Amino acid sequence: MAVELETAGGARQSAGPARVDRDRDLVDALRRRQPTAAEQLLAIYGNRADRLARGITGNSADAEEAVQDALWTVTRKIDSFRGESVFASWLYRIVANAAYQKRRGRAGRRAEIPLDEVLPRFHDDDEHATPGADWSASAEDPAGQAELREGLTAAIAELPADHRAVFLLHDVEGLSNLEVGEALRLKVANVKSRVHRARLFLRKRLAAYVSASEAEEACWVQTASIQAP
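Residues numbered from 1 in each chain as written. Predicted model: local features only at pLDDT ≥ 70, side-chain atom pairs only at ≥ 80, totals over all residues. Heavy atoms only, no water.

Our next topic: the overall build of the protein chain. Across its full length, the protein chain carries eleven helices and two strands. When the helices and strands of the protein chain are listed from N to C terminus, the series reads β-β-α-α-α-α-α-α-α-α-α-α-α. Relative to its 229 residues, the protein chain shows a buried fraction of 41%. A sequence separation of at least 24 residues applies to 67% of the contacts in the protein chain between residues at least 6 apart. In the form shown here, the protein chain has an accessible surface area of approximately 13000 Å², with 49% of it arising from carbon and sulfur atoms. (Helix = DSSP H or I, 4+ residues; strand = E, 2+ residues; numbered from the N terminus. Buried < 20%, exposed > 50% of the residue type's maximum accessible area, 1.4 Å probe, protein only. Contact = heavy atoms within 4.5 Å. Areas by Shrake-Rupley, 256 points an atom, 1.4 Å probe, with all protein chains shown as cover.)

Below, the structure written as structure tokens:
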């Protein structure tokens, strides 16, 4: 279904297919102040909001407070949601703002590693300048998979908060580049750049557990395992 917009001269032009918000029923329940609406919100987005808040704040205590504040804000201000973005983007924006506020208010937070210092280096032919060791055999057994997942979790924690938030929303939660941009108030080009740089960093870190050629595939397999059921 395409949406038509009227120009200043009265002509109508297509604005492309309208996005269907999969959370329409939840939004309606929240607006009607149904008794179970808040429980539905927590059931659907509680774990997802917690992942994002932890990724930004870096600790569970601040993340828990940020999520509580954010979900309370969502229920109170649901009437201000106009549907200009999908509900998930609007909710994640509120969660991110609450988490960044917690992070800014915390003194002595750990220094973050500049990505340029740790991103993998490439030759002119796009081959890694420093390929990792081949640990692929150990990564095939359950113990190796567990170690690989621990390595990925630790690597994600090393990302700068702005890159970590984008990566979690895009690659873990499955939001599109546009939806991530709406949630974090970023241009799509900036979202793409941060996702790309985060992936390069994670591939380099995972090369300590598998061969460089398998690091990308292992990264996406283990990323999928982070998602809630």
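From this point, things continue past the structure.
Here helix 1 (residues 24-31) has its buried residues at Leu26, Val27, Ala29 and Leu30. Along the long axis of helix 1, the arc covered by the buried residues comes to 160°, so they all point the same way. Facing away from the buried surface of helix 1 by more than 90 degrees, the exposed residues are Arg24 and Asp25. In this structure, the buried residues of helix 1 make contact with helix 2 (37-57), helix 3 (60-76) and helix 4 (87-104). Arg33, located one to two residues past helix 1, shows a positive phi value of around 55°. (Arc of directions from axis to C-beta.)

With that settled, the discussion passes to the side chain of Asp171. Structurally, the position occupied by Asp171 is in helix 8 (residues 161-172). Within polar-contact distance, the side chain of Asp171 engages the side chain of His170 at 2.6 Å. (Polar contact = N/O pair within 3.5 Å; in protein donor to acceptor, adjacent residues only side chain to side chain.)

This part is about the nonpolar core. In terms of nonpolar packing, the biggest core is built from 40 residues, with Phe87, Leu91, Tyr92 and Leu184 touching the most fellow members. At the level of elements, helix 1, helix 2, helix 3, helix 4, helix 8, helix 9 (177-184) and helix 10 (188-206) are the ones that each hand at least two residues to this core. Setting aside its immediate chain neighbours within four residues, Leu184 contacts Ala96, Ala165, Val166 and Leu169. (Core = buried A, V, L, I, M, F, W, Y, C linked by side-chain atoms within 4.5 Å.)

Another point: the confidence of the model for the protein chain. On average, residues of the protein chain score 77 in pLDDT, and 64% of them reach the 70 mark or higher. Counting interchain partners and residues more than four positions distant, the pLDDT-below-50 stretch residues 1-18 has 21 contacts. In this model, residues 120-139 is a region of pLDDT below 50 whose contacts with residues beyond four sequence positions or in other chains number 40 contacts. (pLDDT = per-residue confidence, 0-100.)

The phi angle at Arg33 is positive, at roughly 55°, despite the residue not being glycine. Among the structural elements, Arg33 can be located in the loop between helix 1 and helix 2. Residues other than glycine seldom take positive phi values, yet Arg185 does so here, at roughly 55°. Inspection of the secondary structure puts Arg185 in the loop between helix 9 and helix 10.

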